[in-house]
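One letter stands for each residue in the lines below.
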Amino acid sequence: QDSYIISEDFQRQTNQRCYAVLDGHGEIGHLVSKRCSQQLCGHFVKSQLDMSLAFRLMQQDLSQCELDIRCSGATCVFVHLHDRYLRVANIGDSRGVLGHLDGTNICATPLTSDHKPDRHDEQRRIVACGGQVSCRQLVVGHSSNGPITLPLGPPRVWYRRNNSHGDTMGLAMSRSFGDAIAHGLGV
């Protein structure tokens, strides 16, 4: 469900480049990540190279297209290189890391911070919007006080999918493209 962008002559200028990796999730996450890979650079140009605005325009684009993005989406890490200046933005848990040589060792420097539901600032926003953050629970036994459980898997933003089964679903990141139902809960 992954897609990418490689634009080595961004805006027909050899000193500007754009790169992105998109990680789709959900039933049609592959289509969401593909649309983002096709449209995001155009939104970046339209926003006059404002990454935050380009991401908002991308979400609007997805909301207005024919794709059913209620329960599918994509995370993204986006890089704009202009001469020697590097700008990086991310949404969700797609991560940017810069590798550099330190003598003979290759060192990694994080360039982004994951948007996870249990990150304090993210959880506060989600709860304020009516969302719920928790892990799945595995019942391992029972006591006089009720079931004994252990957390299972990553913290998620939980929501109910409106279908014939009334499925409860969880999103393991606190920001994404698509995922319209979860966006109503602070994602």
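Before reading on, note that the structure itself is shown above.
Here the residue index of a chain counts from 1 through its sequence in written order. Residue-level local features of this predicted model are given only where pLDDT is at least 70; pairs of side-chain atoms are given and counted only at 80 or more, and the full residue set underlies all totals for whole chains, interfaces and linings. Side-chain metrics in this entry use all non-hydrogen atoms of the structure; hydrogen atoms and water are not considered.

Caption draft 1: How the structure looks around the overall build of the protein. For helices the rule is a DSSP run of H or I covering at least 4 residues; for strands it is a run of E covering at least 2, with both sets numbered from the N terminus onward. A count of helices and strands for the protein gives 4 helices and 10 strands. Walking the protein from its N terminus toward its C terminus, one meets helices and strands in the order β-β-α-α-β-β-β-β-α-β-β-β-β-α. Considering only C-alpha atoms, the protein reaches an extent of 70 × 50 × 30 Å along its principal axes. Any residue under 20% of the maximum accessible area for its type is buried, any over 50% is exposed, and the rest in between are partly exposed; the area is computed with a 1.4 Å probe on protein chains only. Split into buried and exposed, the 187 residues of the protein put 40% on the buried side. Note on contacts: a residue pair is in contact if any heavy atoms of the two residues lie within 4.5 Å. Excluding contacts between residues fewer than 6 apart, the proportion of contacts in the protein whose partners are at least 24 apart in sequence is 51%. Just so you have it, the protein exposes about 10800 Å², and 51% of that area is on carbon and sulfur atoms. Using a 1.4 Å probe, accessible areas were evaluated by the Shrake-Rupley method; residue-level cover was limited to the displayed protein chains.

Caption draft 2: Broad picture of the packing of aromatic side chains. To pair, rings of Phe, Tyr and Trp, with the six-membered ring standing in for Trp, must have centres within 6.5 Å; the planes then decide the type, stacked if under 30 degrees apart, edge-to-face if over 60, and tilted in the middle. Counted according to the given criterion, the structure contains 4 aromatic pairs. With centroids separated by 5.0 Å and ring planes inclined at 75°, the aromatic side chains of F44 and F78 adopt a geometry described as edge-to-face. Taken as a pair, F44 in helix 1 (residues 29-46) and F78 in strand 3 (residues 73-82) lie far apart in primary sequence, 34 residues in all. F78 shares its class with F44; the two are buried. With 6.4 Å between their ring centres and 75° between their planes, F55 and F78 make a pair best called edge-to-face.

Caption draft 3: How the structure looks around the side chain of R156. Mapping R156 onto the fold places it in strand 8 (residues 146-160). Here the positive residues are Lys and Arg and the negative ones are Asp and Glu; neither His nor the chain ends is included. Only one rule defines a salt bridge in this text: a Lys or Arg side-chain nitrogen within 4 Å of an Asp or Glu carboxyl oxygen. An unpaired buried charge is present at R156: no salt bridge exists, and D93, the closest side chain of opposite charge, is 8.9 Å distant. Ignoring anything within four residues of it in the chain, the contact list for R156 reads P117, Q132, V133, S134, R136, G170, L171 and A172.

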